[in-house]
Amino acid sequence: MSSYLITCTPAHGHVVPLLQIARHLLAQGHDVGFLTSSRYAERVEAAGARFLPLPAEADVDLDDADGAFPERVGLTGPAALRFDMSTLFVRPGAAQLAAVRAELDARPVDAVLTEPLFVGGALLQLLPASERPPVVVLGIFPLGARSKDTAPFGLGVTPMPGPFGRLRNAALRTVAERAIFGGVQKEADEMARREVGRDLGVSCSTGPGAPTPTCSSRCRSSSTRVPISRRA
């Protein structure tokens, strides 16, 4: 039997697919802890996993973000995306990491399974491999990777083929990374330096669903030998 810690941003569209992973692992006889909002405690426990509550600082209500953050109401386009990246995802990262570390201190874990917008998982992966278990990112979003053939993620700009399109995309990428999302990137990097002594590193304009989590986390698995099908 192996032991897994699943860490999940507290939103319906994040929790539901990760609960399926939890059910699969539990059916194979593995131990599964599931770290997310207390709003999902009953669903986690019904799946058979151990529910682990996020601390209050990280328990953001993404299912009613406008209700939780009235200043968000009316925001659209890049302003809305910038607000969400900073307030809903980056700022809870330190408290998320603290909760993950507490669970790792409490019991042995063979691997941490996370998703692209759980910034605490990205911070964990920045630690030396000797200080943490393998971190595996579960892709639950459309791919948001950078490409010279597309405009930056989140701007709502349709593709333009040919050399003029690529020039446009390069210009938009510069504007997005330095102006639109530059403040969020700075905030994310400063938070990462405080918590783990390193910048997050990759541009926030990559967006969710990229091969690494949003706001530049290099949250790839440090091992390709995570046993998810070995029975007890």
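Residues numbered from 1 in each chain as written. Predicted model: local features only at pLDDT ≥ 70, side-chain atom pairs only at ≥ 80, totals over all residues. Heavy atoms only, no water.

Q: Would you mind going over the nonpolar core with me for this structure?
A: The tendency in soluble globular proteins is for nonpolar side chains to be buried as a group. If you look at the biggest cluster of nonpolar residues, it comprises 40 residues, and the most contacted ones within it are Leu5, Leu35, Leu88, Leu123 and Leu124. Elements with a contribution of two residues or more to this core: α4 (77-90), α5 (93-106), α6 (119-126), α7 (162-180) and α8 (182-196). In terms of residue count, the dominant contributor to this core is α4 (six residues). Setting aside chain neighbours within four positions, we find Leu35 in contact with Leu5, Ile6, Thr7, Cys8, Leu52, Pro53, Leu54, Ala99, Val100 and Phe118. Counting 20 residues, the second-largest nonpolar core is a separate cluster that includes Val15, Ala47, Leu113 and Val136. (Core = buried A, V, L, I, M, F, W, Y, C linked by side-chain atoms within 4.5 Å. Buried < 20%, exposed > 50% of the residue type's maximum accessible area, 1.4 Å probe, protein only. Helix = DSSP H or I, 4+ residues; strand = E, 2+ residues; numbered from the N terminus. Contact = heavy atoms within 4.5 Å.)

Q: Can you help me understand the environment of Met85 in this one?
A: Topologically, Met85 is positioned in helix α4. Considering only alpha carbons, one finds Met85 and Leu117, 32 residues apart in sequence, at a separation of 8.9 Å.

Q: Would you mind going over the sheet that holds strand β5 (residues 135-137) with me for this structure?
A: Strand-to-strand pairing in sheets goes through backbone hydrogen bonds, with the strands running parallel or antiparallel. The strand order across the open sheet built from five strands is β3-β2-β1-β4-β5, with neighbouring strands paired in parallel fashion. Single-partner strands in this sheet number two, and they are β3 (50-53) and β5. Within this sheet the neighbouring strands show an average axis-to-axis angle of 25°, counted without direction. Sheet analysis places strand β1 (residues 3-7) next to strand β2 (residues 31-36), joined by five bridges and oriented parallel. Residue pairing for β2: Tyr4 is matched across the bridge by Val32. (Pairing = 2+ DSSP bridges. Axes fitted to C-alpha atoms, helices over the stretch in contact; angles between N-to-C directions.)

Q: Looking at this structure, how should I read the pattern of salt bridges?
A: Oppositely charged side chains can pair when the atoms bearing their charge come close. As enumerated under the stated definition, the model contains 10 salt bridges in all. For Arg39, the salt bridge is made with Asp59, and the minimal N-O distance between the two is 3.2 Å. Pair noted here: Arg39 is in the loop between β2 and α2 (41-47) and Asp59 is in the loop between β3 and α3 (65-68), with a separation of 20 residues, a long-range link. The class of Arg39 is partly exposed, set by a relative accessible area of 36%. Of the charged contacts in the structure, one is a salt bridge between Arg166 and Asp149, with a shortest N-O distance of 2.8 Å. (Salt bridge = Lys/Arg side-chain N within 4 Å of Asp/Glu carboxyl O.)

Q: How should I be thinking about the packing of aromatic side chains in this particular structure?
A: Here the structure, examined in full by the defined rule, presents one aromatic pair. Centroid distance Phe69 to Phe83: 6.1 Å. Interplanar angle 75°. Geometry classified as edge-to-face. Remark: Phe83 occurs in helix α4 and Phe69 occurs in the loop between α3 and α4; sequence separation between them is 14 residues. Given the relative accessible area of 18%, Phe69 is considered buried. On the accessibility criterion, Phe83 (15% relative accessible area) is buried. (Phe/Tyr/Trp six-rings, centres within 6.5 Å; stacked < 30°, edge-to-face > 60°.)

Q: It is not clear to me how the pairing of β1 should be interpreted in this structure. Could you clarify?
A: Within a regular beta strand, the side chains point alternately toward one face of the sheet and then the other, so they alternate between its two faces. Within β1, five of the five residues are buried, which leaves it mostly tucked inside the rest of the structure. Covered by surrounding structure in β1 are Ser3, Leu5 and Thr7 together with Tyr4 and Ile6, the residues of both alternating faces. Between the parallel elements β1 and β2, the chain passes through helix α1 (residues 12-27) in a crossover that is right-handed. The sheet contact formed by β1 and strand β4 (residues 111-114) spans three bridges and is parallel. Paired with Ile6 across the bridge in β4 is Leu113. (Right-handed = clockwise from strand over helix to strand, strands pointing away.)

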